[in-house]
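Each chain, written out:
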Amino acid sequence: MSTEDHPAPRSLAEALRGRDDASLAALLRSRPDLITPVPTDLTQLATRAGTRASVVRALERLDRFALQTAEALAVAADPSSYDELLGLVAGDARDPEVSAALPAALAALREQALVWGADDRLRLVRTARELLAPSPQHPSPTGLGPSVREATAGMSPGRIQEIVATVGLPSTHDSVSAVDALTALFTHRRKMKALLAKAPQESLEVLERLVWGPPYGQVTHDPAPRLRWLLDRGLLLPTAPGTVVLPREVALHLRAGRAHRTPEPLPPAVEPAATHRPQVVDSTAAGQAYTALATVEELLKDWDEGGPAVLRAGGLSVRDLKRTAVALDVPEPVAAFWVELAYATGLIASDGEADERYAATPAYDEWLERPAAERWARLAQAWLTATRTSGVVGGRDAKERALSALGPGLDRSAAPEVRHRVLTLLAALPEGAAPHPEAVLARLRWERPLRGPQASPQGEDDLRSRLARWTLTEAELLGVTGRGALSAQGRALIGVSPAAHGRHPEPEGPGDKLPVHHHRTATPLTPLSPPEQAVAAAAAGRLLAPLLPEPLDHVLLQADLTAVAPGPLQRPLAEVLSVLADVESKGGATVYRFTPGSVRRALDAGRSASDLHAFLGRHSRTPVPQPLAYLIDDVARRHGRLRVGAASAYVRCDDDTVLNEILADKRAGTLRLRRLAPTVLAAQADPAALLDGLRAMGYAPAAESAEGDVLITRAHAHRTPPRTAPEPVPDGPPIPDATLLTAAVRAIRAGDLASTTPRKPTDTATPLAPGELPRTSSAETLATMQAAVLTGEALWIGYVNAEGTASQRVIAPVRVEGGFVTAYDHTADEVRTYPLHRITGVAELADG
C-alpha cells in the first residue's frame, strides 16, 4: 500500500490515532496510569503518555533488551531508521541473536507508546530521550558521550578548521559544514581505520580506556604528546577547562558500531539445580504447611489473654519480638514473618484500648473452626497478596527511624508482583525441579533492570532482589515450596493447572508473550485478580488436604510422667492436654510433661481428679502409669484444703495444724498473717498475692467466693473488636479490566472524534483554540438544531453535564421539543437526550 494511503504520523497523537482499538487497549493495560482519569481524546492521551512521571514508570517496567533498544535510540539521530538502530544494537557484524530479537523489542516500545513512527522515521518520545541520552550530569548507560556536533557547539570556528585541516579534509567556508565533514569522516569505517592506523600506540591506549565509558578524561594545560595527537585530530574534544571527551562517533567506530558492550537479547535461563520426585516435594511442603498452622496457632495461643503492648509509634518492641521468638523457638526474623502473616490474614490486631495491646481478633476463632487445608489457604492467599514485608523489620526508614514488626512503614508495593513472578519462574520448571536462587535473581534483574542490581552503601542488593530472596525463604516456611521446588498446591495458588506437567513454554524473545488463553493454564504473566485469587487459593487447599496428617484422638502415656502425641491431636484433646501438662518438646511427635503445677492448673480450671483419670484413660493407648495416677491424687487431695478469700484476704482451713505450720514458716512473713480463729488466718496481702505466696511455699490453696464456693479459674480469652485485615498498598494504579478498557477506548475515540471533526467556517465565528468548546446564543443553538433535524446533518456541540464536566460531542439531532434535543450521539454510539440549556454552543461539520 502506498504511503499516500497511510501518511507518516507527524506526532505521537497522530500515531495513536492510527491504532486500532485492540492496540489502544493494550497500551492502557500496560500503562494504567494513563487511564486515571480517562483522557478526553487522543491528544490528551499522547500528552499524558509523554509526561516525565509516566515515562519513568514505563521505562522501569521494560526488560533489559527493550531498555537497551530505547537507550540505543536515545543516542541515534532523531528520527532514526531501523537499519541505523539495528547497527547500534547488533554492531557492524549484525549479531544474529540480537537481530532476531530486535523486532519484538521495538514492538514492545511501540506498544508502550515510547517509540512512534514508521521504520524509516523512528522517534523516541522526547521525555524518554532526555532521560536516556548522555550528558555530563547524567551519563548514558551506554557509556557514550556527546556527538561531534554537540561537543563542538562552543568551539571557535578557527579551532574547528584546524582540526579539519589536520585530518586531511578540505577547508570549508563555515563551521557547520566543517563539523558535518568531520562527522562524516568519523562515521566512515574505512577512512577511520586508516586514520587510526597512523596513531601512536600510546594514543590508542588512551582511546581504549575511554571507549566503553565514562567517556570523559582530565588533561593539563600542556597535554602529553599522546593526548595532543588525539586533540589535534578531534578524536578527543575539550568540553570544559581541563576536561576532554571521546566523541560518540569515534567511540562507536572503536566499538564496531555497538551502543552496548554486552547486548542481552535473551533472558537468563532458570535451569534446575536439583530435581526431586514430585511426591517428595508435595509431602515435604505439606509437612511445612502443617508446621505453619501449628506455629500460627501457638503464636495466637500465647497472645490469647492479651499480647504485647503497642509502641507509641506503633508496632512491637524489640524486647517483645525477642520474647515471641523464644516462645515460638524460631529466629527473630522468622518470628517477625509469622507475626506479620497473622496480621495480614486478619487474625491479630490492636485492641484499641487505653492500654493498647495486640490480641487475637474474632476472625481467629472463626479461622480455628475451619478445616486445616482451608486455614492454610487463607494464610497462603494473604501472604501472596500482602504488601507488608517482614524482611525489612529491624532496618531503618528514610528518616532513620527503626522499622518494627506490626509497625508503620513496612509496605513495599512491589512485593506481590515479585512473589508472583518468583513462583511463576518456579512453575516454568519441570515438576520437582528446584532452581539455584541466584539464577532466579538474575532473571528478575533482566526483566526489571532499572530496579536492578544497584548496590546500596551497605552492600545490600536492590529491593526487588531482596524481595525475591525473602519470597524463596517464606514460600518454604509456608509450604508453598518443598525442598526449593514448587509444590502442587503452590502451582494451584498462582493459577497454574495441576494437570500441566513438564516444562512450560517460555517466551523466546523479550517481546514475545504467551497467548492469552495460556495465562491460567501455563505460566501466568500477571498476578490474578482478587476473585481469581480466592478460587486459586481454594483449589490449592483442596490439593493440600489429602497430604495433611489426620488429627489423632489418643496419646501414649509413659511411666516418667510424660505423654507422647505421635502426630497432630484433635482440637478438644489438644486443648485439655495443654492445660493438664506442659509441652516439653516439639517435632514430628510432641512430648508433654505432667507436673504438680500443671495438674493444679487443670484442677483450678474446674476439673476433678476423677475427671482427669477418666480423660487420660479414654485417650491413652497405654495404661495410665501409677506415678501419674498418684500425682493427680496427691495434688487433688491437697487442692482446695486451704481457702483464700477477701478480707483484705484470709486463709481458712479445717485442720488448724496446717495453719500453725504456715504461721511458723519464715517465708510467710511477707504475707503478714495473723490468726482470727483456730481455723482462720487474715492477711494484709490481696487474694491473688496470697494465693501465689502459699503456692510458692508448697501448698495448694483454692480461691473461694464471698459465699464460700470454690472459684474456678480459666484462661480469659481476650479479643479485639471486629477488625479487617490491612489493605495492600498498590504499586501504582490497578490494571484495568476488560470492561473498563472497552469503555475507556470508546470514550477516548468519541472525544477524539468530537475534537478533530472538521467544522464549516463562518464569517462571524472566532477560531477556537484546541479543546475549546463552541459558543453560540440560545436562539442560534435552537435554530441550528431544528435545521439539522430537517436536513439530517450531524453537528458538533459543547456540553456541560450536571457535575460541571465539559465535553465535545458529535450528534445527529432527531427531535427538538420541550427544551430538550434527542439525537444520535456519534461519540457514545447511542441515542441520547440533552437539555438545551446545558449545550454551550453548536457548529456545523464540514462536508465529507
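Shown above is the structure to which this text applies.
All values reported here derive from a predicted model rather than from experimental measurement.

Engineer: Looking at this structure, how should I read the pairing of strand E18 (residues 673-677)?
Structural biologist: Along any regular strand the residues' side chains alternate between the sheet's two faces. The pairing of E18 with strand E19 (residues 680-683) spans four bridges and is antiparallel. Bridge pairing in E19 places Arg675 opposite Leu681. Counted along the chain from E18 to the antiparallel partner E19, the turn is two residues long.

Engineer: Whenever I open this one, the environment of Met192 confuses me. Can you help?
Structural biologist: Relative to the helices and strands, Met192 is located in helix H12 (residues 189-197). Separated by 58 residues in the primary sequence, Met192 and Val250 place their C-alpha atoms 8.4 Å from one another.

Engineer: Looking at this structure, how should I read the sheet that holds strand E12 (residues 556-558)?
Structural biologist: Sheet strands associate in pairs through backbone hydrogen bonding, adopting either a parallel or an antiparallel arrangement. Spatially, the four strands line up as an open sheet ordered E12-E13-E15-E14, and their pairing is antiparallel. The sheet is open, and its two edges are formed by E12 and strand E14 (582-585), each paired on a single side. Ignoring which end each strand starts from, the neighbouring axes of this sheet average 30 degrees apart. Judged from the three bridges that link them, E12 and strand E13 (residues 562-565) form a sheet pairing that is antiparallel. Within the sheet, the bridge partner assigned to Gln558 lies in E13 and is Thr562.

Engineer: Even after reading the chapter, I still don't get the packing of helix H27 (residues 596-604) against helix H29 (residues 626-638), so can you show me in this structure?
Structural biologist: Axes are the key here: two packed helices are described by the angle between their axes and the distance separating the axes. Direction vectors running N to C along H27 and H29 enclose 60 degrees, while the axes themselves pass 10 Å from each other. Our classification of the angle between H27 and H29 gives oblique. Here H27 runs over H29; the crossing is right-handed. Facing Pro596, Val599, Arg600 and Leu603 of H27, the residues of H29 in contact are Leu631, Ile632, Val635 and Ala636. Partitioned by chemical class, the residues of the contact of H27 with H29 number seven nonpolar, no polar and one charged.

Engineer: Help me out: how do you make sense of the packing of aromatic side chains in this one?
Structural biologist: Tallying each qualifying case throughout the model produces four aromatic pairs. Over the face of the ring belonging to Trp367 we find Arg375, whose NZ or CZ atom lies 5.4 Å from the ring centre.

Engineer: Can you help me understand unusual backbone geometry in this one?
Structural biologist: Across residues other than glycine, the phi torsion is negative in most instances, and most of the peptide bonds are trans. Geometrically, the link from Thr36 to Pro37 is a cis peptide bond, its omega value of -10 degrees lying close to zero. Cis rather than trans, the peptide bond between Asp78 and Pro79 has omega equal to 0 degrees. Inspection of the secondary structure puts Pro79 in the loop between helix H5 (64-75) and helix H6 (82-90). Notably, Glu400 is not glycine yet its phi reads approximately 65 degrees, a positive angle.

Engineer: Teacher, can you tell me more about the sheet that holds strand E21 (residues 795-800) here?
Structural biologist: Strand order across the open sheet formed by five strands is E24-E23-E22-E21-E25, with antiparallel pairing between neighbours. This sheet does not close on itself; its edge strands, each paired only once, are strand E24 (830-835) and strand E25 (839-844). Between one strand axis and the next, the sheet turns through 45 degrees on average, direction left out of account. Here helix H33 (residues 778-791) sits on the sheet in contact with E21, strand E22 (806-817), strand E23 (820-825) and E25, set at roughly 60 degrees to E22.

What counts and what doesn't
- Residues numbered from 1 in each chain as written.
- Predicted model: local features only at pLDDT ≥ 70, side-chain atom pairs only at ≥ 80, totals over all residues.
- Heavy atoms only, no water.
- Pairing = 2+ DSSP bridges.
- Helix = DSSP H or I, 4+ residues; strand = E, 2+ residues; numbered from the N terminus.
- Axes fitted to C-alpha atoms, helices over the stretch in contact; angles between N-to-C directions.
- Parallel < 35°, antiparallel > 145°, perpendicular 65-115°, else oblique.
- Left-handed = near helix turned anticlockwise from the far one by under 90°.
- Contact = heavy atoms within 4.5 Å.
- Nonpolar A, V, L, I, M, F, W, Y, C, P; charged D, E, K, R; others polar.
- Phe/Tyr/Trp six-rings, centres within 6.5 Å; stacked < 30°, edge-to-face > 60°.
- Lys NZ or Arg CZ within 6 Å of the ring centre and 35° of its normal.

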